[in-house]
Amino acid sequence: MSKDKNEWGSNMSFILAMIGSAVGLGNIWRYPYVLYSNGGGAFYIPYIVAILIMGIPFLILEYGVGYNFKSSFSKALTKISSKWEYLGWLLPVAVFMIMIYYSAILGWDGIYIFMSFFKGWGADPNAYFTSTLLHASDSYTGLASFVPLIAVSMIVGWVIIWFISHRDLEKGLGRVSKVLVPALFIIMVIIVGFSLTLPGASVGLAELFHPNWSLLTDFGIWMAAFGQIVFSLSLGMSIAFTYASYTKDDADLVTNTISIALANSLFENFAALGVFSILGYMSLQSGIPVADIVTQGTGLVFIVYPTVFNVLGQWAYVLGPLFFFTVYLAGLTSILSTIEPLSFSIQNKFGLTRKRTMTILIIVGAICSMIYATSYGSNVLGYVDTFINQIALLLGVVLECIIFAWVFKAEKLIDFMNARSKTIKLGKWWLVIVKYILPIFITVVWIGGIIDVVNSATFDQLVFTIIIAAILLIATLIFTLLPAKSSDWNETEERV
Ligand code: PFF
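Residues numbered from 1 in each chain as written. Predicted model: local features only at pLDDT ≥ 70, side-chain atom pairs only at ≥ 80, totals over all residues. Heavy atoms only, no water.

Caption draft 1: The arrangement of the pattern of salt bridges in detail. In total, this model carries 10 salt bridges according to the counting rule given. Put simply, Glu494 and Lys79 hold a salt bridge, and the shortest N to O gap is 3.7 Å. Taken together, the residues Glu494 in the segment after α21 (459–481) and Lys79 in helix α4 (residues 73–80) connect sequence positions 415 residues apart. On the accessibility criterion, Lys79 (37% relative accessible area) is partly exposed. Between Asp249 and Arg495 there is a salt bridge, with its nearest N and O atoms 2.7 Å apart. Taken as a pair, Asp249 in the loop between α11 (239–245) and α12 (253–286) and Arg495 in the segment after α21 lie far apart in primary sequence, 246 residues in all. A residue is classified by how much of its surface remains accessible, and Arg495, at 16% relative accessible area, is buried. (Salt bridge = Lys/Arg side-chain N within 4 Å of Asp/Glu carboxyl O. Helix = DSSP H or I, 4+ residues; strand = E, 2+ residues; numbered from the N terminus. Buried < 20%, exposed > 50% of the residue type's maximum accessible area, 1.4 Å probe, protein only.)

Quick look at the structure:
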């Protein structure tokens, strides 16, 4: 396996691919609602604190260690200590599971791009989404009823992913990120610019930003801010690690981190302006208060937006396709990142080429994703999403933080990173954050998330969560136990 197949052509490719990973569905459908329901303008205080004491310091750590090892996440953890190999596979496998359900959302969105040219969802977007499109059923017997349209749209997505990912890193992901990520930002500016001119936009924005200062003493909004930053910046998911390991020597990782965090926040706050202007317009048209219209997730993108387009007249034929296309681009640039950690780990341990590994993983992913093309698929998607994001990944983040900061020793990175940094310099403050504040804070958020899941889960959800956890743990065990095929699995060069 030649190394240049897994190397960025330039620092720009690295930054743009990382922004592509960060800017995703979380920025468009999750953030606006999180901001609104957690104190509006007052949310900016915990949000900025979360970026400063968690987002940036943690990304620097993950980048630094990834850069140092210039190898996959599982290989690096095995090098730090062979007893960590299991964790080295756990995160890449969990992130691959995200990929599989992200492909379903992309699949739905692909259908909506097409429908938006003629408002194909009809007069009742809710009935269209749940009944006509998903054939949604709340009983697990729905697993036996297959929905071919969704399957076809998902397969189209997998083919696009294969087309980009099986190439050498720079020729595929690098080049595509350089085109799609700027395109994503430009289209978003057009959509938001238009939304701001709609009558009622100011009503929506006033509702969004109206600060509820009293919530600042509420623990919940702090947890929401930290949770949002972990998800939105794709923190601790072994993605940042893998991307940094693909860099050439001499990257200014500290400055890159700041650019990425800034771009991500800019995008999500921009998205919030657009979403709430549109909700304000909807509220004005229908007389329903913004508070009763606003929602997040699939409800926002696939039900509220089509409802808005239905009352928007001719403009909807432009704005609709643009909007669903933006969601597709945001999803695509994120999903492309979710295959990299597992793929690179497999290449390193089993000596397969990038091309072959990607092809195998994409076929496996596409087959597994067919569970989401059944009538019960959207329920399974919700369970997997909750389990991976609220339980598995946060635990991974805490463990990663402890291993990198304590076992690997974050101190080792300081001189090296500072010598290249043109902006801020790392010092004691950074060590205190990554060694103490972060592990404690994220553990608290993690426990809060588990309590939340256990309190709100239905019986079916608990059963499925146990099955999903078992799949994750067993798949991870298999990768750990399989003997290495590559002769240099135990030899890792370190750059620091
Ligand atoms: N950061 C992405 C977003 O905000 O939508 C979501 C994401 C991408 C999560 C990649 C996890 C992941 F592995």
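Caption draft 2: Expanded view of helix α16 (residues 340–350). For α16, a buried count of 11 out of 11 residues is recorded, marking the element as mostly surrounded by other parts of the structure. Looking at α16, one finds that the buried residues are Glu340, Pro341, Leu342, Ser343, Phe344, Ser345, Ile346, Gln347, Asn348, Lys349 and Phe350. Within two residues after α16, Gly351 carries a phi angle of roughly 65 degrees, on the positive side.

Caption draft 3: Representation of a positive patch on the surface within the structure. On the surface, a cluster of positive charge is made up of Arg167, Lys171, Arg175 and Lys355. One can find Arg175 in helix α8 (residues 170–196). (Patch = residues over 30% accessible without salt bridge, like charges linked within 9 Å, V, L, I, M, F, W, Y side chains within 5 Å. Areas by Shrake-Rupley, 256 points an atom, 1.4 Å probe, with all protein chains shown as cover. Lys, Arg positive; Asp, Glu negative; His and termini not counted. Charge placed at Lys NZ, Arg CZ, Asp CG, Glu CD.)

Caption draft 4: Region of the structure containing the site of the ligand. Around the ligand sit 15 residues, and of these Ala22, Gly26, Tyr102, Phe231 and Ser232 come closest. Here an oxygen atom of the ligand and a side-chain polar atom of Tyr102 are 2.9 Å apart. A distance of 3.0 Å separates a nitrogen atom of the ligand from a polar backbone atom of Ser232. Protein coverage of the free-state accessible area of the ligand, which is 340 Å², stands at 100%. Of the residues that constitute the shell around the ligand, the class distribution is 8 nonpolar, 7 polar and no charged. (Near = heavy atom within 4 Å. Polar contact = N/O pair within 3.5 Å; in protein donor to acceptor, adjacent residues only side chain to side chain. Nonpolar A, V, L, I, M, F, W, Y, C, P; charged D, E, K, R; others polar.)

Caption draft 5: Spotlight on α4. Burial analysis of α4 places 7 of its 8 residues in the buried class, which makes it a mostly covered element. Turning to α4, its buried residues number three or more, namely Phe73, Ser74, Lys75, Ala76, Leu77, Thr78 and Ile80. Contacts made by the buried residues of α4 are with α3 (44–69), α5 (85–116), α11, α16 and α18 (377–409). (Contact = heavy atoms within 4.5 Å.)

Caption draft 6: Geometry of the packing of helix α19 (residues 411–420) against helix α20 (residues 428–456). Contact geometry for α19 and α20: axes closest at 11 Å, N-to-C directions at 140 degrees. Of the possible angle classes, the one that applies to α19 and α20 is oblique. α20 is crossed by α19, and the crossing has right-handed handedness. Along its contact with α19, which presents Glu411, Leu413 and Ile414, the element α20 presents Trp430, Leu431 and Lys435. Within the contact of α19 with α20, the residues separate by chemical class into 4 nonpolar, no polar and 2 charged. (Axes fitted to C-alpha atoms, helices over the stretch in contact; angles between N-to-C directions. Parallel < 35°, antiparallel > 145°, perpendicular 65-115°, else oblique. Left-handed = near helix turned anticlockwise from the far one by under 90°.)

Caption draft 7: Broad picture of the packing of aromatic side chains. Under the counting rule described, the total for this entry stands at 44 aromatic pairs. Between Trp108 and Phe129 the ring centres are 5.5 Å apart and the planes differ by 80 degrees, which places this aromatic pair in the edge-to-face class. With a gap of 21 residues between them, Trp108 in helix α5 and Phe129 in helix α6 (residues 125–133) connect regions that are remote in the sequence. The burial state of Trp108 is the same as that of Phe129; both residues are buried. One residue, Lys435, lies across the ring of Trp406, its end atom 4.6 Å from the ring centre. The cationic tip of Arg495 hangs over the ring face of Tyr67; the distance from NZ or CZ to the ring centre is 3.9 Å. (Phe/Tyr/Trp six-rings, centres within 6.5 Å; stacked < 30°, edge-to-face > 60°. Lys NZ or Arg CZ within 6 Å of the ring centre and 35° of its normal.)

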